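Geometric and topological summary
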Amino acid sequence: MRIYIEKNPEDASQKAAKLVIGLLKSKPDAVLGLATGGTPVRLYRELINANARGEISFKSVETFNLDEYVGLSPRDKNSYRRFMDENLFNLIDIDKSKTHVLDGTASDIAAACADFEKSIALAGGIDLQILGLGSDGHIGFNEPGSSFDSRTRLEYLTEKTIVDNARFFDGDKSKVPTSAITMGIATIMEAGKIALLAFGGKKSDAVKAMVEGDVDESVPASVLRKHPDVSIFLDTAAASKLSPDIYREILSAPRD
Ligand code: GLP
């Protein structure tokens, strides 16, 4: 696990963008795993700018999104399909038919999940998975207690996640869907590389648990310590609860 601590989310996002840009330069037909939420927006802006400058192209890129709310149609303003269209896909030269976001209104969710897994395999697997971090330690919508062997499936959201995400639903937690379809932990762990971003003091407990706690299903993100190629991009607020020894070790590690 390589951990980078930058002074603010902008610098951390720039650093993460370099990783994505480097991959797309060396593999223009890369398969990307993408995340939604507030965290990756700055990273997506960096990628949009790099695309506009002609530094990278998404023409041959295929993408798979981590998750989607059950019950929201792709056109709903809070659906993750809509989020991705508005924050990335509509602003780059990607072929939309190569962007996969689970459909929260699928009549047969189990079949939709199985198809999604098949499409990932058909694409040759995910080269780089982008992740945010839930304040309860979730990745995708894999809530605490999710099996490390889990694959794409229906998952019920914790009260903490519902409260956290109410800000996207006019601050009204009763409007937040109570379940979602999410890539499983085993699905995420099969990505060649993983980049997790976490910003702000609200993530500091989850960051500490992920980096320093036990590798345990009660903290889904802790599984990342078992992956051979993970980069974690933090701002100082998200890193603020790391123990001084670990913090020093991170800051003294060779930087690239
Ligand atoms: C949401 C999403 C996750 C996201 C996380 C953090 O519930 N399902 O994929 O990474 O929680 O969200 P945010 O970046 O808005 O803090």
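Scroll up to find the structure.
Here goes a summary of the coordinates provided. Once a new chain begins, its residue numbering starts again from 1 and follows that chain's sequence as written. Local features in this predicted model are restricted to residues of pLDDT 70 or higher, and side-chain atom pairs are both shown and tallied only at a pLDDT of 80 or more, whereas totals for entire chains, interfaces and linings draw on every residue. With hydrogens and water set aside, each side-chain value is computed from the structure's full complement of heavy atoms.

**Observations concerning the pattern of salt bridges**
One side chain can pair with another of opposite charge once the charged atoms of both are near each other. One side-chain nitrogen of Lys or Arg within 4 Å of one carboxyl oxygen of Asp or Glu is enough to make a salt bridge. Following the criterion strictly, the structure yields 20 salt bridges and no others. A salt bridge links Arg151 to Glu190; its shortest N-O distance comes to 2.9 Å. Here Arg151, found in the loop between β6 (128–131) and β7 (153–156), pairs with Glu190, found in the loop between α6 (185–189) and β9 (193–198); they are 39 residues apart in sequence, far enough to count as distant. In this structure, the salt-bridge partner of Lys241 is Asp205, at a minimum N-O distance of 3.2 Å. Of this pair, Lys241 sits in the loop between β10 (230–235) and α8 (244–252) while Asp205 sits in helix α7 (residues 204–212), and the two are 36 residues apart along the sequence. Only protein chains enter the accessibility calculation, which uses a 1.4 Å probe; a residue is then buried when its area is under 20% of its type maximum, exposed when over 50%, and partly exposed in between. Assessed through its relative accessible area of 48%, Asp205 is described here as partly exposed. Going along the chain from the N terminus, every DSSP run of H or I of four or more residues is numbered as a helix, and every run of E of two or more is numbered as a strand.

**Describing the site of the ligand**
When we say a residue is near a molecule or strand, we mean one of its heavy atoms is within 4 Å of it. In the vicinity of the ligand, 15 residues are found, and the nearest of them are Gly38, Thr39, Asn165, Arg167 and Lys203. Between Thr39 and the ligand, the recorded distance is 2.4 Å, taken from a side-chain N or O atom to an oxygen atom. Polar contact is the term for a pair of N or O atoms within 3.5 Å; when the atoms are in protein, one must be able to donate a hydrogen and the other to accept it, and sequence-neighboring residues count only if both atoms are side-chain atoms. Between the ligand and Asn165, the relevant distance is 2.9 Å, taken from an oxygen atom to a side-chain nitrogen or oxygen of the residue. Computed by Shrake-Rupley with a 1.4 Å probe, the accessible areas treat only the displayed protein chains as cover when residues are assessed. Summarising the interface, the protein chains cover 95% of the accessible area of the ligand, which totals 390 Å² for the free molecule.

**Some thoughts on the packing of aromatic side chains**
The rule is short: rings of Phe, Tyr and Trp, with Trp giving its six-membered ring, pair when the centres are within 6.5 Å, and they are stacked under 30 degrees, edge-to-face over 60, tilted in between. Throughout the structure, instances matching the rule amount to six aromatic pairs. A centroid spacing of 5.1 Å and a plane angle of 15 degrees characterise the contact between Tyr4 and Phe233, whose relative ring orientation is stacked. Taken together, the residues span a long stretch of sequence, with Tyr4 in strand β1 (residues 2–6) and Phe233 in strand β10 at a distance of 229 residues. No difference in accessibility class separates Tyr4 from Phe233, as the two residues are buried. Geometrically, the ring pair formed by Tyr69 and Tyr80 is tilted, given 4.8 Å between the ring centres and 45 degrees between the ring planes. Taken together, the positions of Tyr69 in strand β4 (residues 67–69) and Tyr80 in helix α3 (residues 80–87) put the pair 11 residues apart, joining distant regions of the chain. The class for Tyr69 is buried, based on a relative accessible area of 1%.

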